[in-house]
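As a plain string of letters, each chain reads:
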Amino acid sequence: SGWGLEDARVVCRQLAFNPDETLVLTYDDLTSNKKNPPVYGNGREAGYIFRNVQCNGTEDNISSCSMDISKRCRKRNDAVATCKTIIRLRDGTNTSGRLEVYKNKRWLSVCYSSTLGPKAAEHFCSLLGVKPVNPIIIGDAYFGKNKQDTWWIHWPCIFGYCNLDIWWLPKCKRGKYASIKCQNNNSRDNPPEIMLAGINNYSGILIMKKFGVWGGIALRQPQSDENVILNNASDVVCHKLGYGTTDAMSIPIDHTHIPISTITWMFDVYCTGDEDTIFNCDHTKWGEPYIYDRQPSMVFITCRLPLRLVEQVSDSKTGQLEVLVNERWTSVCLKEWETGTLRVACKGLGMESRYAKAIQTSTDMVNHDWFQVGRCLGNEDSLAKCISTRPRCHDKEKMLLLSCPDKPESKINIHLDNHNETGDMFVNLNGVSFPMCNPNWNGGAARVACRQMGYNPDHAEHFRTDIKVNRVLLTDMTCHGNETNLSECNFSEWKVISFEHDSEHMNCQRNGGVFMSCADDSMKARLVGGPDEYSGHAQIWHEGKWKRVCFRKGDGSKEIVAETICRKLKRPGQYARDHPYSGYFGGGTSKPGIELNCNHRYPSLHLCHIHDNNCTHDLHYDLGVSCFEHNPDFHEYLQPTLTGYTIDNGLVLVKSHDTNKQPLTICGEKWTRNEAKVVCRQMGYNEDAVNDAAVDKFPMLQCLGGDKIVLSDVNCTGDEMSLAHCTFKHGDNVTCSSGLRAAVFCRKLSLKLTKTDKTNSSGLVTLDHLLISDHVSNEPNKHPICASGWDERDARVVCRQLGLPYHNASVYISTQGNLTHEYKPWITNVDCIGNEAHIGQCDFDNDFTVASDGIYDNVDYCTQYELTAHYVEHTYNYNFCDGNSYAGVVCK
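These notes cover the structure that comes with them. (Residues numbered from 1 in each chain as written. Predicted model: local features only at pLDDT ≥ 70, side-chain atom pairs only at ≥ 80, totals over all residues. Heavy atoms only, no water.)

1. A short note on helix α6 (residues 443-452)
The condition is simple: Remark: exposure states derive from per-residue accessible area (1.4 Å probe, protein chains only) relative to the maximum for the residue type, with buried under 20%, exposed over 50%, and partly exposed in between. Numbered from the N terminus, helices here are DSSP runs of H or I no shorter than four residues, and strands are runs of E no shorter than two. Here, residues are in contact when the closest pair of their heavy atoms is within 4.5 Å.
Taken across its ten residues, α6 has seven buried, putting it largely inside the fold. For α6, the full list of buried residues reads Gly444, Ala445, Ala446, Val448, Ala449, Cys450 and Gln452. Check the buried side of α6 and you find it contacts β26 (414-416), β27 (422-429), β29 (461-465) and β32 (513-517). Once α6 ends, the next one or two residues include Gly454, with phi positive near 90°.

2. What about helix α11 (residues 792-801)?
Rules: Residues adjacent in sequence count toward polar contacts only when both atoms are side-chain atoms; beyond that, a polar contact is any pair of N or O atoms within 3.5 Å, and within protein one must be able to donate a hydrogen and the other to accept it.
Taken as a whole, α11 has its buried residues at Asp794, Ala795, Val797, Val798, Cys799 and Gln801. Lining the buried residues of α11 we find β48 (750-755), β49 (762-768), β51 (810-814), β52 (827-831) and β56 (886-890). Measuring from the side-chain oxygen of the N-cap residue of α11 to the backbone nitrogen of Arg793 gives 3.2 Å; that N-cap residue is Asp791. Positive phi shows up at Gly803, right after α11, with a value of about 75°.

3. Topic: unusual backbone geometry
Even without being glycine, Asn52 reaches a positive phi, approximately 55°. Tracing the chain through its elements places Asn52 in strand β2 (residues 49-54). Its identity as a non-glycine residue notwithstanding, Asp91 has a phi of 60°, on the positive side. The topology assignment puts Asp91 in the loop between β5 (87-90) and β6 (96-103). For Asp91, a relative accessible area of 52% translates into the label exposed.

4. Details of the state of the cysteines
By definition, a disulfide is the covalent link that joins the sulfur atoms of two cysteine residues. This is how it is decided: Cysteine sulfur atoms are paired as a disulfide whenever they come within 2.5 Å of each other.
Evaluated as defined, the whole model comprises 16 disulfides. Here Cys346 engages in a disulfide with Cys404; their sulfurs sit 1.9 Å apart. Measuring handedness by torsion sign, the sulfur bridge of Cys346 and Cys404 sits at about -85° and is left-handed. Of the two residues, Cys346 sits in helix α5 (residues 339-348) while Cys404 sits in the loop between β25 (398-403) and β26, which places them 58 residues apart along the sequence.

5. Details of the pattern of salt bridges
Once their charged atoms are close, side chains differing in charge can pair, the charge on each being opposite to the other. Using the following cut-off: By convention in these notes, a salt bridge is any Lys or Arg side-chain nitrogen within 4 Å of a carboxyl oxygen on Asp or Glu.
Applying the stated criterion to the full structure yields 16 salt bridges. A salt bridge links Asp622 to Arg548; its shortest N-O distance comes to 2.7 Å. With a gap of 74 residues between them, Asp622 in strand β39 (residues 620-622) and Arg548 in strand β35 (residues 545-552) connect regions that are remote in the sequence. For the pair formed by Asp622 and Arg548, the shared burial category is buried. The shortest N-O distance in the salt bridge between Lys670 and Asp713 comes to 2.8 Å. Of this pair, Lys670 sits in the loop between β43 (664-666) and α8 (673-682) while Asp713 is found in strand β45 (residues 708-715), placing the two residues 43 residues apart along the sequence.

Next comes the structure, spelled out in structure tokens:
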């Protein structure tokens, strides 16, 4: 009902037949042949029926036409269409061949695409009248190429509907013509096979059998020498075939050299080497988009790499290197081969490899298909394991021969820069000396170098050093230590470079040189006065005597000496700690003294400079050293230093196991004179100064807010030798809500008396704060004390501190009106017991506030560097002093 030619054409197009050759048959047409009428079954057995179908003839699918749905259809009125196929198979058999499509009166080949899967293959075979059995569609011109133009077929199936879209293309990319095998004995579920197609079974072109068809495998190749991809596919294949991986090697082969099918089953294969089979390697499957717009190359794999030397010139140890590849001996290109690669080649020939070299000849290289081998480090077992980064050989270049001699021709000429037993390592090449750059230089090489120069190898030491010239000899030489000379050692690099033209090796210039010592290292050291042999005062055996090591006070090189001494005592130098005062290990010694000057780059005792010194107690101190086997914690080592504008007062900084890089501070909330006394004692001050110790209540250094607080709640009795012997909180237990830092005075707080009588025993008391100086604050350091709370006990302390009579001291009050800014009072509410050694030991309140900011790095706090370099701004605000009265004394 309503069925016509346009409707039938849509059906034929949807089923991939030719819509231009469509016929519509009526029931009478079908039954006109009375003897043999066609039978199409009874369509009315279905539930609902489409009727009154109306198509314009251009639709791709019958469902796109308008129609009615009904349960009734007039008898003998089923819609019938006759279609003619538009596909065929060529150059194959009745059941397989290259797929061609008829359109616009032309039969053209079809380009393969990933949409042509098993469902499309089954449909096309059915249209051809062939029963499909495991049908597949394959590509790569399996049944030959068609030089004519091609069609591109799109066969998407969505929601059960499949459309056949056809476009014209000039040609298929990479010749990937679609071919069909309608009947396959091998199921798609059968596991694929691999083999090496060659004369022998250990080498050949890597091929793969899938769906009963043998095809190739294309590996992922590096895109440039700078981006080398280490593809271990040959290792995986050779291991799977039972040959091991020592000589496994893969070589790309052009399609024109392949005597097998041009189907490529796997593209862009990349293996790490850990896979059990190549099918587990990363790859692009056949039919999936291929990322490179070029013809993929098959790969030749060999699991054995036979080598030989031909054209020997002087003996059997020298000749042209050749390798057996694909059953043909091929010359190996030795262009720019380094020592490591030459050694691996000699090793592969079964010859001595330590003295391998390349010999330049006068013969031009012509008519050779050169085999390329990459760069080896020298420790590889086969040339197959070298990275392919080398330039190619070309005709008309000079021939290079491989030589594998049993002995070196001559020793490598070396010397130390000052031509004695200590100095930088130099190599002499053709009369020119070059410093050696060798990041791999080891203890074995140092022993060999000392032996070669005629020194005792047991004294050999080596250190890293900077190189101060532009041209160096670059090598990566290493030695076992028992070699006679450096010529017998292992190295892959040996060439002169210029830092100006070789930026790749600029890291050699800094810390890449070799400093050598073959000197007698029998100098002895010991530590005395400590609890064991690894802690105490440092002494050195010098000129037949044990001499104490002393340092001038304020010298900052003691850490390097401590590290050097600990290394001499077989303890790790990085855990050495110094005690820069004489009393910690029971006082100094009367023995003769020496000063040591050691280089942190060469921390060996016999390389230090020694100077005799009387080591006077007023200018020097005996060096104390503790040699730990680990990073000492705070209870093992806790060394304070003072940061201020003078050496005997300031903020307390500490260093411990990892505190050499940044200042670490102590919370000042519970800081008392007991803790201040321990700090001063540990800083090396005598007991008189220790007894004068006072807590710094002037918050000048609180601007060090950016430095880390590592200790809090420090509690000392005042008699300890070190803060490490006190109790405290550290680490995550530190609490310091105010952020105040601990600071101390290790001397009396400085006072002056503005005298008012002829006996010089009375006057206004002024205070000099030791942290502020004229060149920093531009203020005179004469500040009165506010008389609020001032009494006779305070006066007695001041008179005693000034060395004046104090037993009957009385108070003198000065009222001078409003003082100028320069003479504002520092403190108020002084409260002394009366027996204090100086006013700094009394309680008092600050009569001013100060804000201190660093001005060097634009942060809102000041750093230790800014304090010592005077890059700090202090802004003062003075409080009101009650009655504008100021403290004075009458000493009697």
